[in-house]
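Here is what each chain is made of, one letter per residue.
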Amino acid sequence: MARLAGWVDGKIKLSRLGFAVTLCVPEMRKVNIGLVGCGTVGSGVVKGLARNGALMGSRLGVRFSLGGVAVRNPRKARAARLSRGQVTSDWESLVRDPKIDVVMELMGGTTTARKVVAEALKLGKPVITANKALISAHGESIFRLVEKNGGNLYYEASVAGGIPIIKSLREGLSGNRIQRLYGILNGTCNYILTQMEAEGRDFEDVLADAQQMGYAEAEPSLDVDGFDAQHKTGILASLAHGFWVKPSQIFVEGIRHITPLDIQFARRLGYCIKLLGIVKKLGGKVQIAVHPALVPETHVLANVSDVFNAILVRGDIVGDTLHYGQGAGADATASAVLSDLADAALDLKNGSMGRVPPFVPHEQDGAVLPMDKAVSPFYLRLSVIDRPGTLAKIAAILGEMKIGICSVTQPEGHVGESVPLILMLHDASDLVMRQALRKIARLSAIKAKPTMIRVETFE
Ligand code: NAP
Ligand code: HSE
């Protein structure tokens, strides 16, 4: 019998009629996965595949198979069930195995991970990664490897956990010029800030919780010092503005200096504190920064709590769009990896590997606005000696620097050598504000390092 290429025989027994017919059905393309790294995210992916792999396969017309798993220590107990024969410590053999169609790099770090990704791409294999540190720092050279060797790179899981924000920017919003992007992009920091406010818990104690739940990076300073959000903001800014933004071009400040006192005072003033990734198109330049910010409590981002992330994207045609979901953890991140797997599988099945390239530079003159020139209102908390004339000296410095005072609060009930003094200040440039702060910090009445937090108005 003549048969079409790629089709196989299937028998269907029509029991009531008592005879069988032979039909031609399309042969399922097998997609064999090589997984490098099986910790929080990798285990989430293995479990997700066990749960929904067949459903995904039938939606896409392919059949998934886990061809092998490389880890550092094959004897370690894992959250996901793996057979002994599937696990190895030799990632190179796994990646090079001709039976492996797709490589998932879920190990983290930028040294070995870079080698894993490069090796797979040189072999022309599609690579899926959740590694924002790697993509942010080495994106350009990795994309060149994709172009040269004809594979593809998928990195949806690198930003905002389960939220399909990369697909949204690259495809869904591609008819827009992106004017503003504000993101709560680090689940660990958002969880810490939320718990500090809601439960009055201590910073270190909440961080330990976030680590235990698999939200934090292996090196948690990446989270709390803002670098993880810096990597993610850089990736989103690059996709939005068409030139690759390196981490070194992005101003970063983490949340270590935020105290329960700041969270309380911000609330009394009608704000809550969030670590924001901010991307603003201002004239011909793009302002890109990551720092804690006072967000008006009526703003939608103020209500994004715990491990949830959200990104507000403002396009010139669509207006404001909000993208919300869990930003970290095994399952949320696995969902994004599986979505990349679906794209890779369809590309393999249809032989259309470059259908959506990882990054297309389209802005030759892209430039980042220096942070010195960023303008915003400010919150300032000073620890001062409670004596006449102190406020006058502070106001004199601010006046000299042409920074307007919006309100002053010296809450009652604070006793001791020094008391808090909270000033809300009108718009000033970052440079001028920092110069004023240096002068204020030198006053003899100032008893501790001033805390300055920028206020985001979302204009
Ligand atoms: P993890 O729990 O620390 O897991 C890392 C895995 O990589 C472990 O299985 C480890 O093996 C393996 N590994 C390390 N070095 C290796 C080597 N030289 N060869 C083979 N395997 C090696 O990390 P994770 O939280 O899953 O994060 C993985 C990646 O996803 C990182 O890039 C991270 O930034 C990113 N990410 C994480 C989350 C999250 O919520 N956790 C969310 C989004 C993105 P052993 O198990 O034997 O030690
Ligand atoms: N450590 C990261 C976070 C994981 O807390 O957001 C998700 O990228």
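Data block above holds the structure.
> I tried to follow the sheet that holds strand E3 (residues 29-36) on my own but got confused; where do I start?
Sheets are built from strands paired through backbone hydrogen bonds, the pairs being either parallel or antiparallel. With respect to topology, six strands assemble into an open sheet ordered E5-E4-E3-E6-E7-E8, the strand pairing being parallel. Edge strands, defined here as strands with exactly one partner in the open sheet, are strand E5 (87-88) and strand E8 (153-154). Lying over the sheet, helix H1 (residues 40-60) contacts E3, strand E4 (62-70) and strand E6 (102-105), oriented at roughly 160° with respect to E4. In this fold helix H3 (residues 112-122) packs onto E3, E6, strand E7 (127-129) and E8, with an angle of close to 170° to the strand it touches most, E6.

> What is the right way to look at the site of ligand 2 in this model?
Residues in contact with ligand 2 amount to 13 residues; listed here are only the nearest, Lys132, Thr188, Tyr215, Glu217 and Lys232. Here a nitrogen atom of ligand 2 sits 2.7 Å away from a polar atom, N or O, in the side chain of Asp223. At 2.7 Å, a side-chain N or O of Lys232 approaches an oxygen atom of ligand 2. Contact with the protein chains covers 94% of the free accessible surface of ligand 2, which is 250 Å². Sorting the residues of the shell around ligand 2 by element identifies helix H6 (187-199) and helix H9 (227-241) as the ones contributing at least two each. Of the residues assigned to the shell around ligand 2, the class counts are four nonpolar, four polar and five charged.

> Looking at this model, I keep getting lost on the packing of aromatic side chains. Mind explaining?
Any pair of aromatic rings gets described here by the distance separating the centres and the angle formed by the planes. By the definition in use, this model includes seven aromatic pairs. Geometrically, the ring pair formed by Trp244 and Phe359 is edge-to-face, given 4.9 Å between the ring centres and 70° between the ring planes. Pair noted here: Trp244 is in the loop between H9 and strand E10 (251-252) and Phe359 is in the loop between helix H11 (330-350) and strand E15 (375-385), with a separation of 115 residues, a long-range link. Both residues of the pair, Trp244 and Phe359, count as buried. Judged by centre distance (4.9 Å) and plane angle (10°), the rings of Phe308 and Tyr324 are stacked. Residue Phe308 is located in strand E13 (residues 308-315), and its partner Tyr324 is located in strand E14 (residues 319-326); the two are separated by 16 residues in the primary sequence. Assessed through its relative accessible area of 25%, Phe308 is described here as partly exposed. Accessibility expressed as a relative area gives 47% for Tyr324, which makes it partly exposed. Through a chain of ring-to-ring contacts, the aromatic side chains of Phe143, Tyr155, Trp244 and Phe359 assemble into a single cluster.

Parameters at a glance
Numbers given to residues run from 1 along each chain, matching the order in which its sequence is written. The lettering of chains begins at A and the numbering of ligands begins at 1, in the order of writing. Reporting of local features is limited, given that this is a predicted model, to residues whose pLDDT is at least 70; pairs of side-chain atoms are given and counted only at 80 or more, and all residues count toward the totals for whole chains, interfaces and linings. To obtain the side-chain values, all non-hydrogen atoms of the structure were included, while hydrogens and water were left out. A pair of strands is considered paired only if DSSP assigns at least 2 bridges between the two. Only DSSP runs of H or I with at least four residues qualify as helices, and only runs of E with at least two residues qualify as strands; both kinds are numbered from the N terminus onward. Contact definition: two residues touch when any of their heavy atoms are within 4.5 Å. Note on method: axes are straight lines fitted to C-alpha atoms, helices fitted across the in-contact stretch only, with angles between N-to-C directions ranging 0 to 180 degrees. One heavy atom within 4 Å of a molecule or strand is enough for the residue carrying it to be called near that molecule or strand. Polar contact criterion, stated in full: a pair of N or O atoms within 3.5 Å, where within protein one must be able to donate a hydrogen and the other to accept it, and residues adjacent in sequence count only if both atoms are side-chain atoms. For the area figures, the Shrake-Rupley method with a 1.4 Å probe applies, and any residue is considered shielded solely by the protein chains shown. Residues are grouped as follows: Ala, Val, Leu, Ile, Met, Phe, Trp, Tyr, Cys and Pro are nonpolar; Asp, Glu, Lys and Arg are charged; all remaining types, including Gly, are polar. Here is the rule: rings of Phe, Tyr and Trp (six-membered ring for Trp) pair when centre to centre is within 6.5 Å. Planes less than 30 degrees apart are stacked, more than 60 are edge-to-face, and the remainder are tilted. To sort residues, take the accessible area from a 1.4 Å probe on protein chains only and compare it with the maximum for the residue type: under 20% means buried, over 50% means exposed, and anything in between is partly exposed.

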